[in-house]
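Summary of the model geometry
The lines below spell out each chain.
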Amino acid sequence: MIGTYKADPFGTIALREDGKFTASDWPEFNYPDKPKRTGGGSGTWELTPENKVIETADDDIVLSFTDGKRVWDHNFDHWSEGFAFGVTGSRDKPRFYRFTTDPDVCELHTLRRK
C-alpha cells in the first residue's frame, strides 16, 4: 500500500512505510453538486485486517489526522479527525475509493497509485 495515490478531479495521499501519511488538495467528499478543495493534512494510517469489521465495508484504509485537520466522517454527518477508504484493484494497481454522496447514487471518488 506504500506509495502516492492521486484522484480525479483532485486529492493526493502519500502513504509512508513508517505508518504516516500526508494529504494534499484534500476534497470535501460530500459534494453532490460542486466539489471543493479543503487543503491538506497529515497523520497516521492503518490497513484494517480483512477479518476486522469497523463500521462499514469501506473502512479498509483508515487515516487519522494528527495535525488538527477535521474532515467529514464516513457518514457525512459530523466532523472527525479520521477518514477511511475502501480498497479495490490488485496488489500491483491498488485503488482507494469513497462514495461522494449516498451510496445508492454510486458516485465514487477514486485515488489511484501513481
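Residues numbered from 1 in each chain as written. Predicted model: local features only at pLDDT ≥ 70, side-chain atom pairs only at ≥ 80, totals over all residues. Heavy atoms only, no water.

**Some thoughts on the pairing of strand S10 (residues 108-113)**
This is how it is decided: Between any two strands, at least two bridges found by DSSP are needed for them to pair. Secondary structure counts use DSSP, requiring at least four H or I residues in a row for a helix and at least two E residues in a row for a strand, with both numbered from the N terminus.
Pairing of strand S1 (residues 3-7) with S10, which is carried by three bridges, proceeds in the antiparallel orientation. If you follow alanine 7 over to S10, its bridge partner there is leucine 111. Bridging between strand S9 (residues 94-99) and S10 involves five bridges; their strand directions are antiparallel. Its bridge partner being in S10, tyrosine 97 is matched across the sheet by threonine 110.

**Some remarks on the nonpolar core**
Considering soluble globular proteins, one finds that nonpolar side chains tend to be buried as a cluster. We apply this condition: Definition used in this section: a nonpolar core is a set of buried Ala, Val, Leu, Ile, Met, Phe, Trp, Tyr and Cys residues joined via side-chain atoms within 4.5 Å. Summary of the burial criterion: residues with accessible area below 20% of their type's maximum are buried, those above 50% are exposed, and those between are partly exposed, where the area comes from a 1.4 Å probe applied to protein chains only. Residue contacts follow a heavy-atom distance rule, with two residues in contact if any of their heavy atoms lie within 4.5 Å.
In terms of nonpolar packing, the biggest core is built from 16 residues, with Ile13, Leu15, Phe21, Trp26, Leu63 and Phe85 touching the most fellow members. If you list the elements that add at least two residues to this core, you get S1, strand S2 (12-15), strand S3 (20-24), strand S5 (61-65) and strand S8 (82-89). Per element, the largest residue contribution to this core is three residues, and it comes from S5. Residue contacts for leucine 15: discarding those within four places in its chain leaves Met1, Ile2, Gly3, Tyr5, Lys20, Phe21, Trp45, Leu63 and Phe96.

**Comments concerning the pairing of strand S4 (residues 41-47)**
Pairing of S3 with S4 involves four bridges; the strand directions are antiparallel. Considered in S4, the bridge of lysine 20 is made with threonine 44. Pairing of S4 with S5, which is carried by five bridges, proceeds in the antiparallel orientation. Its bridge partner lying in S5, glutamate 46 is registered against valine 62.

**Observations concerning the pattern of salt bridges**
The criterion, for reference: Each salt bridge in this description consists of a side-chain nitrogen of Lys or Arg and a carboxyl oxygen of Asp or Glu lying within 4 Å of one another.
Applying the stated criterion to the full structure yields one salt bridge. As a salt-bridge pair, aspartate 18 and arginine 16 come within 2.9 Å of each other at their nearest N and O atoms. Residue classification places aspartate 18 among the partly exposed positions, given a relative accessible area of 49%.

**Some details on the sheet that holds S2**
Note: strands within a sheet are paired through backbone hydrogen bonds, in either parallel or antiparallel orientation. Inclusion rule: An axis is simply a line fitted to the C-alpha atoms; with a helix, the fit covers only the stretch in contact. Between two such axes, the angle follows the N-to-C directions and lies from 0 to 180 degrees.
A barrel is described by the order of its strands in space; here eight strands give the closed sequence S1-S2-S3-S4-S5-S8-S9-S10, paired in antiparallel fashion. Along the sheet, successive strands turn relative to each other by an average axial angle of 30°, direction set aside.

**Observations concerning the confidence of the model for the protein chain**
Interpreting fine coordinate detail is not advised for predicted regions of low pLDDT. Under the convention used in this document: On a range of 0 to 100, pLDDT expresses the predictor's confidence in each residue.
Put simply, the protein chain has an average pLDDT of 79, and 71% of its residues get 70 or more. Per-element confidence in the protein chain is highest for S2, whose mean pLDDT is 95, and lowest for strand S6 (residues 71-72), whose mean pLDDT is 66.

**Some thoughts on the packing of aromatic side chains**
Counted only if it meets this: The criterion for an aromatic pair is that two Phe, Tyr or Trp rings (for Trp, the six-membered ring) have centres within 6.5 Å, with stacked assigned to planes under 30 degrees apart, edge-to-face to planes over 60 apart and tilted to the rest.
If you walk through the whole model with that rule in mind, you get four aromatic pairs. Measuring from centroid to centroid gives 4.0 Å for tyrosine 5 and phenylalanine 96, while their planes differ by 20°, and the two rings are stacked. Within this pair, whereas tyrosine 5 is found in strand S1, its partner phenylalanine 96 is found in strand S9, the two being separated by 91 residues in sequence. Ring geometry for phenylalanine 83 versus phenylalanine 85: centroids 5.3 Å apart, planes at 65°, classification edge-to-face. Three or more aromatic residues link up through ring pairs in this structure, and these residues are Tyr5, Phe83, Phe85 and Phe96.

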